[in-house]
Amino acid sequence: MASDLAGKVAIVTGAAMGLGRAVAVRLAKDGSDIVLVDLDAKLMQEVAEEIHALGRKTLVQSVDISQWDQVQSMVDNAIAAFKKVDILVNSAGILGPTLPVWEYSIEDWDRVVAIDLKGTFLMCKAVIGHMRSQKSGRIVNFASIAGKDGNPNSCAYTASKAGVIAFTRGLALEVAQENIFVNSIAPTMIEGKMSASMTDEQIQMLFNKIPMKRFGKPDEVAALVRFLVSEECSFSTGACYDISGGRAVY
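Below, the structure is looked at part by part. Small disclaimer: the values here were computed from a predicted structure and weren't measured.

### Considering the overall build of the protein chain
- Regarding its fold elements, the protein chain presents eight helices and seven strands.
- For 250 residues, the compact-globule formula gives about 18 Å, and the C-alpha radius of gyration of the protein chain, at 17 Å, lands near that figure.
- With the model as given, the accessible surface of the protein chain reaches about 11,300 Å², and the carbon-plus-sulfur share is 55%.
- Measuring between centres, the 25 positive side-chain charges of the protein chain sit 6 Å from its 28 negative side-chain charges.

Here is the structure:
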C-alpha cells in the first residue's frame, strides 16, 4: 500500500541534527521530498545525502528563522522548486543558559524567544497563505513539556514553549475549516545534543521526573510527527501531544 506521504513536500526546521534530522529522514522514508532548514549547511548536506539514498529530493536552505526576510525567501525557494508545501515541522530550537531568573541576561532571553517562539510564528506566517490557497496543510510545532510543567533555571525556554502551545492553538482555530491541521508536541528530554548545555544536576532533575526512567529517542518523536502530518490525523487540531514517558500531568 502506498504511503499517504508519497509525493508530499515537507519543510523541516532544525534539520541538521537531532530531532529535526530524525523527522526529516522519517518523512523521506515515507515518500516525502524535504526542504532542509538550519544554519549548518555542512551538516544539512549530510542529511540530504541520506535522504537522496532513499530516493527522495531535497532543497538545502541555510536560514536564521528569527529573520523574516530569510524565512520568506526560503519558502519562495521551496515553492519554486517543488510547486507546493504540504507539511511544515518547526523543530528548530535552542535551550539557552541554565540560570535562575535573577542571573539571566536580557540578551539571552531575547535570543531564546527569537528562535523558539518568534521563529515558529514566522515560519507559520510564511507558509499559511500557500496552504490556504491549496486548501490543505499539516503543521507541527515543537513545544516542550517545560511549556506545561515549567523547568527551573530555564525561564526563556519555558516561556517560549508555553507560547508555542498557545500560538498553535490560536492558529489552528483560525484555519480549522480550511483542511489545515496545526498541532504541537511536548517532548521531555530526548537523547541528543541539546543536553550539552545543561549541568549534570539539571539533567538528573529532568530524568527523575520521568516515570519510565529513561530519556526519549529521536525516532520515537519522529513517529509521532509522522502521524500528525498524515491523513490519519483527520479530527485533531490545536492539540498539544505529550511524548514524555509519563511525566505530563495534563
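Alright, that's what it looks like, and here's the rest.
### Some thoughts on the packing of aromatic side chains
- Overall, the coordinates contain two aromatic pairs when judged by the stated rule.
- Relative to F167, the ring of F121 has its centre 6.1 Å away and its plane inclined at 85°; by these criteria the two rings are edge-to-face. Separated by 46 residues along the polypeptide, F121 in helix α4 (residues 106-134) and F167 in helix α6 (residues 155-174) bring together distant segments of the chain.
- Overall, the relative accessible area of 38% leaves F121 in the partly exposed class.
- Given the relative accessible area of 23%, F167 is considered partly exposed.
- With 5.4 Å between their ring centres and 85° between their planes, F207 and F215 make a pair best called edge-to-face.
- Looking at F215, the relative accessible area reads 18%, which means it is buried.

### Points about the nonpolar core
- The biggest cluster of nonpolar side chains holds 31 residues, and the ones touching the most others in it are L27, I34, L36, V89 and V225.
- Here this core gets six residues from one element, more than from any other, and that element is helix α1 (residues 18-29).
- Look past the residues within four positions of V225 in its chain and what remains in contact with it is V23, V89, V140, F142 and I185.
- The next biggest cluster of nonpolar side chains, apart from the first, holds 29 residues, and it includes V37, A78, F82 and V127.

### Some thoughts on helix α3 (residues 68-82)
- Look at α3: 21 Å from first C-alpha to last across 15 residues, which is about the 21 Å you get at 1.5 Å a residue.
- K83, located one to two residues past α3, shows a positive phi value of around 75°.

Reading guide: rules and limits
Residues numbered from 1 in each chain as written. Predicted model: local features only at pLDDT ≥ 70, side-chain atom pairs only at ≥ 80, totals over all residues. Heavy atoms only, no water. Helix = DSSP H or I, 4+ residues; strand = E, 2+ residues; numbered from the N terminus. Rg over C-alpha atoms; globule rule 2.2 N^0.38 Å. Areas by Shrake-Rupley, 256 points an atom, 1.4 Å probe, with all protein chains shown as cover. Lys, Arg positive; Asp, Glu negative; His and termini not counted. Charge placed at Lys NZ, Arg CZ, Asp CG, Glu CD. Phe/Tyr/Trp six-rings, centres within 6.5 Å; stacked < 30°, edge-to-face > 60°. Buried < 20%, exposed > 50% of the residue type's maximum accessible area, 1.4 Å probe, protein only. Core = buried A, V, L, I, M, F, W, Y, C linked by side-chain atoms within 4.5 Å. Contact = heavy atoms within 4.5 Å. Expected span 1.5 Å × (residues − 1).

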